[in-house]
Amino acid sequence: MSTEILVFFIFVLAIFLGFELISRVPSMLHTPLMSGTNAIHGIILLGGMLVLAAADGTLTRALGFVAVVFGSANVFGGFMVTDRMLQMFKKKKK
Amino acid sequence: MSSFIAIIFIGVAVSFILGIKLLGSPKTARLGNLVAAFGMLVALITTVPLMRVESWNLNCTLIVVGTLLGLGIGAVGAYSVKMTAMPQMVALFNGVGGGAAALVASLEFLKRANSFEGITTFFAVTMLFATLIGSLSFSGSLIAFAKLEGYLEKPHTFPGQNILNGLILAVILGLCVYLGGWATTNTTAFIVLFSLALVFGVAMVMPIGGADMPVVISLLNSFTGLAVAADGFTINNLSMIVAGTLVGSSGTLLTLLMCKAMNRPVTNVLFGAFGSSGGGGKAGASDLGGKTVKPIQADEAALLLGYAQQVVIVPGYGMAVAQAQHQVRELSDELGKRGVEVRFAIHPVAGRMPGHMNVLLAEANVPYDQLCEMEAINPTMDRVDVCLVIGANDVVNPAAREDKSSPIYGMPIIEADRAKTVIVMKRSMAAGFAGIENLLFYKDNTRMLFGDAKASLQTLIAQLKAS
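Residues numbered from 1 in each chain as written. Chains lettered and ligands numbered in written order. Predicted model: local features only at pLDDT ≥ 70, side-chain atom pairs only at ≥ 80, totals over all residues.

**What to know about the overall build of chain B**
For step 1, the next point in the chain: Within chain B, the secondary structure is distributed over 18 helices and six strands.
For step 2, the next point in the chain: By the compact-globule yardstick of 23 Å for 467 residues, chain B fits well, its C-alpha radius of gyration being 25 Å.
For step 3, the next point in the chain: Each of the three principal axes of chain B carries a C-alpha extent, and together these read 80 × 50 × 35 Å.
For step 4, the next point in the chain: Put simply, chain B has 467 residues, and 52% of those count as buried.
For step 5, the next point in the chain: A fraction of 79% describes how many contacts in chain B between residues 6 or more apart in sequence connect residues 24 or more apart. (Helix = DSSP H or I, 4+ residues; strand = E, 2+ residues; numbered from the N terminus. Rg over C-alpha atoms; globule rule 2.2 N^0.38 Å. Buried ≥ 20, exposed ≤ 12 C-beta atoms within 10 Å, placed from the backbone. Contact = placed C-beta atoms within 7 Å.)

This is the structure:
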C-alpha cells in the first residue's frame, strides 16, 4: 500500500469521526463548539511556519509572514475566545 | 518525518478528537477546549525540528515575530470583544485562518513552480483546492463579519446575480482544470484564480441576509477546515490533514443541523437570497384583515408577571442588541422570589448563532436548568400564564404553522401564542430578519410592550420590587 493511499485512508476515517463526534451535542453548545473547531483549524499556523522557514525571496517571505500572523491569530484568538465563552457556563454552577 | 515526531502527532490528533468530544457536554466543555489547546501547543513545538533550519536566520525571526503578533491580535480580539459580538469574532478568526490556508498553498505552488521540481496532478488538485476554498473562506468571512457588525446590513442583490456568480464559478473551475489537469506552473493563471476566488467569496455572501449569517459562518468554518486538510496533503503534514478534516466534517454537520432547525435546505440559504425581496412581508400584511396590536404599559405587565404561576421567557437577538441579559436574569430572580416558576425557551437559531442565547444568559448567571430547548417547552405551553418575548421575532411567528404562503412556513417555532397571555417587548413594529410580518403581534392574547428592552425590563423590575 502506498503512502498516499494510507493517508487517504486516514482522511476518510477522520471525515466519519468528525460526523460522529458532533452528532450528540446539545444545541446550547453549538456556538462554543463552532468556536472551538474554528481554533483547531488554526493548526494552519504550523503550515505557515513550515513555508516561511523555506522562504527564499522577499515576496515569499512577505506572504509567509502574513500566513503566520493570520494562522497565529486564528489559533490563539480561537482558543481564548472559546475559553471565555465556556468560562461563563462554568461560573454559575452552584 | 521521524517516527518519534509521528507518534507525537498521533497524540496531537487524539487531543483534538478528545477535545471536540468533551466540548459536546456542558460539564466538560471547558476542559475539552483546554485539551485541544494543549495538543495544539505540542503540535507547534514539534514542528520546530521539522523546519530544518541549521542556524538562526531572518525566516526564524519572522516566524517568531509573526506568531507573537498574531498572538497579540488574537488575545486583544478575544478578550475585548463583547459577548454579543462573539459571532463576528468567530467569523474574523475563521477568515484569517482561511487566508492563511490559501497563502500556504500558494507559497508551496510558487516554490515548486520556481524550482523546476514540477508538480504532480495530485499535488495540483490539493493545492488548488486549498487555495480556492481558503481564499473564498477569507473574503466570505470578512463580509459575514461586516454584515454582523452592521456595516452591510441589507442583502445586496441585483438581477442576474446568480448568473454572474455562476460565470465566475465556471471560470474558476476552468482555470482549475487547466492548472490541475495539465499540472502546469503558469503563475499568471494561478494569480487570476486566487483573485477570482476572493471575488467569489464576496459574491457568495453578499446576497445572503443577516439572519442567515450563523449558517454562513458555520459553513465557512468547515470550508476552512477542508482547506487546511488539503494543505496537509500539499505540504505532507498528517496532523493538518486530521485536524482540518475533523473540523470540515463536524462543521458540515453543524451547518446542516442549523439549516434543519430553520427548515430550509442549505442550497436555499446560499442561493435563495431570501429575506431580501420583501415580497413575503407584503403578502403577509394583507392577510391581517385590519387587525391592530394591543399595547400594554409596564405597570400592568409587571402585575401580570407578578401574579402568574408559570412564566416562560423567550429571548432573541433584540435582547443581545439591548445588552439586556443581566436585566433578564434580575427579572427572573425577582419573579422566582415571589414563587413564580420561570423558564427560558431557547430556539435553536435565536440570535445570530446556535447557542447564542445560551452564551448570553450564561454570562448573566442564569442557571442551566432554567434553559429549556424548544422541543421541551412547546408541549407545556398551554399551561403557561405569561410568555414574555424579549426581542425575538421570527422564531415565535405562528405564520410558520398557519400561513402556507409564508416563506418561513414549516419552520419549527416556539409556540408562544399558546400561552394564556403573551407580552412582546419590542422597539417598534419593524419586521424581523426574515423580513416578514409577525402574526403573533396581532393575536387576541398578545400585548405589546414598546421600548428598549433594557429600559423596559428595568421599569418592570422596579415595579415588581415596589409592589
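**Quick notes on the overall build of chain A**
For step 1, the next point in the chain: Each helix and strand counted, chain A has four helices and zero strands in total.
For step 2, the next point in the chain: The N-to-C order of helical and strand elements in chain A reads α-α-α-α.
For step 3, the next point in the chain: Computed over C-alpha atoms, the radius of gyration of chain A comes to 18 Å, more than 25% over the 12 Å expected from 2.2 N^0.38 for 94 residues, which places it beyond the range of a compact globule.
For step 4, the next point in the chain: C-alpha atoms of chain A, sized along the principal axes, occupy 55 × 40 × 15 Å.
For step 5, the next point in the chain: For chain A, the proportion of its 94 residues judged to be buried stands at 62%.
For step 6, the next point in the chain: Within chain A, contacts between residues at least 6 apart in sequence are counted, and of these 60% link residues at least 24 apart.

**Quick word on the interface of chain A and chain B**
For step 1, the next point in the chain: Each partner contributes residues to the interface: chain A has 75 residues there, and chain B has 92 residues.
For step 2, the next point in the chain: The set of elements that each furnish at least two residues to the side of chain A that touches chain B consists of α1 (3–22), α2 (30–40), α3 (44–53) and α4 (58–91) of chain A.
For step 3, the next point in the chain: The greatest single-element share of the side of chain A that touches chain B, amounting to 31 residues, is contributed by α4(A).
For step 4, the next point in the chain: Considering only residue class, the side of chain A that touches chain B consists of 45 nonpolar, 22 polar and eight charged. (Nonpolar A, V, L, I, M, F, W, Y, C, P; charged D, E, K, R; others polar.)

**So, the sheet that holds strand β6 (residues 446–450) of chain B**
All names here are of chain B.
For step 1, the next point in the chain: Here six strands make up an open sheet; going across it, the order is β3-β2-β1-β4-β5-β6 and the pairing parallel. Strands at the two margins of the open sheet, each flanked by one partner only, are β3 (371–373) and β6. Pairs of neighbouring strands in the sheet enclose a mean axial angle of 25 degrees, with direction left out of account.
For step 2, the next point in the chain: Note that strand β4 (residues 386–390) and strand β5 (residues 421–426) share five bridges and pair parallel. Residue pairing in the sheet places C387 in a bridge with V422 of β5.
For step 3, the next point in the chain: Of the strands in this sheet, β1 (310–315), β2 (341–346) and β3 touch helix α15 (residues 356–363), which is tilted by about 140 degrees from β2. (Pairing = 2+ DSSP bridges. Axes fitted to C-alpha atoms, helices over the stretch in contact; angles between N-to-C directions.)

**Comments concerning the domain arrangement of chain B**
Think of interface size as the accessible area that goes away when the parts come together; that is how it is often given.
Residues and elements named next belong to chain B.
For step 1, the next point in the chain: Segmenting chain B into domains produces domain 1 (1–80), domain 2 (85–277) and domain 3 (281–466).
For step 2, the next point in the chain: Taking only C-alpha atoms, the centre of domain 1 and the centre of domain 2 are 23 Å apart.
For step 3, the next point in the chain: Looking at the side of domain 1 that touches domain 2, the elements with two or more residues in it are α1 (3–22) and α3 (58–80).
For step 4, the next point in the chain: The leading source of residues in the side of domain 1 that touches domain 2 is α1, at six residues. (Domains from an automatic or database assignment.)

**Focus on the confidence of the model for chain A**
For step 1, the next point in the chain: For chain A, per-residue confidence averages 86 on the pLDDT scale, and residues scoring 70 or more make up 90% of the total.
For step 2, the next point in the chain: The weakest mean pLDDT in chain A belongs to α1(A) at 88; the strongest belongs to α3(A) at 94. (pLDDT = per-residue confidence, 0-100.)

**Digging into the confidence of the model for chain B**
All names here are of chain B.
For step 1, the next point in the chain: Across chain B, the average pLDDT comes to 84, with 91% of residues at or above 70.
For step 2, the next point in the chain: Averaged over each element, pLDDT in chain B is lowest for helix α11 (residues 279–286) (38) and highest for α3 (93).
For step 3, the next point in the chain: Note on residues 274–287: pLDDT under 50 across the span, and 30 contacts to partners over four residues away in sequence or across chains.
For step 4, the next point in the chain: Among the scores for the predicted complex, ipTM is 0.93 and pTM is 0.79.

**Observations concerning the environment of B:G74**
For step 1, the next point in the chain: Position of B:G74 relative to the elements: it lies in helix α3.
For step 2, the next point in the chain: On a C-alpha basis, the gap between B:G74 and B:L44 in space is 16 Å, while along the polypeptide they are 30 residues apart.
For step 3, the next point in the chain: Setting aside residues up to four positions removed in sequence, B:G74 forms contacts with A:S72, A:A73, A:F76, A:G77 and A:M80.

**Re the pairing of β4(B)**
All names here are of chain B.
For step 1, the next point in the chain: In terms of burial, β4 is a largely internal element, five of the five residues being buried.
For step 2, the next point in the chain: In β4, alternate side chains face the same way, and those of V386, L388 and I390 on one face and C387 and V389 on the other are all buried.
For step 3, the next point in the chain: Inspection of the sheet shows β1 paired to β4 by five bridges, in the parallel sense. Pairing of I313 across the sheet is with L388, part of β4.

**Remarks on the packing of α3(A) against helix α4 (residues 86–114) of chain B**
A pair of packed helices is captured by two measures, namely the crossing angle of their axes and the spacing between those axes.
For step 1, the next point in the chain: Axis separation between α3(A) and α4(B) bottoms out at 9 Å; the angle between their running directions is 35 degrees. Crossing angle aside, the handedness with which α3(A) passes α4(B) is left-handed. Judged by residue contacts, A:I44, A:G47, A:G48 and A:V51 of α3(A) engage B:G97, B:A100, B:A101, B:V104, B:L107 and B:E108 from α4(B).
For step 2, the next point in the chain: Taken together, the residues of the contact of α3(A) with α4(B) sort by class into six nonpolar, three polar and one charged. (Left-handed = near helix turned anticlockwise from the far one by under 90°.)

**Concerning helix α12 (residues 298–306) of chain B**
Residue and element names in this part refer to chain B.
For step 1, the next point in the chain: Residues of α12 that are buried: A301, A302 and L305. Viewed end-on, α12 has its buried residues packed into an arc of 100 degrees, placing them on one side of the element.
For step 2, the next point in the chain: Those residues of α12 hidden inside the fold are in contact with β1, α14 (325–337), β4, β5, β6 and α18 (453–466). (Arc of directions from axis to C-beta.)

**A closer look at α4(B)**
For step 1, the next point in the chain: For α4(B), built from 29 residues, the straight-helix expectation of 42 Å at 1.5 Å per residue is met to within 8% by its first-to-last C-alpha distance of 42 Å.
For step 2, the next point in the chain: For α4(B), the tally of buried residues reaches 24 of 29 residues, placing the bulk of the element in the interior. (Expected span 1.5 Å × (residues − 1).)

**Considerations on the nonpolar core**
For step 1, the next point in the chain: Membership of the largest hydrophobic core comes to 179 residues, with the highest contact counts inside it found for A:I43, B:V314, B:V389 and B:I390.
For step 2, the next point in the chain: Beyond its immediate chain neighbours, meaning those up to four positions away, B:I390 contacts B:I313, B:V314, B:P315, B:G316, B:G318, B:M319, B:A324, B:V328, B:M425 and B:A453. (Core = buried A, V, L, I, M, F, W, Y, C linked by C-beta atoms within 7 Å.)

**Focus: the pairing of β1(B)**
Residues and elements named next belong to chain B.
For step 1, the next point in the chain: For β1, the buried fraction is high: five of the six residues fall into the buried class.
For step 2, the next point in the chain: Sheet topology places β1 next to β2; four bridges connect them, and they run parallel. Counterpart to V311 in the pairing with β2 is V342.

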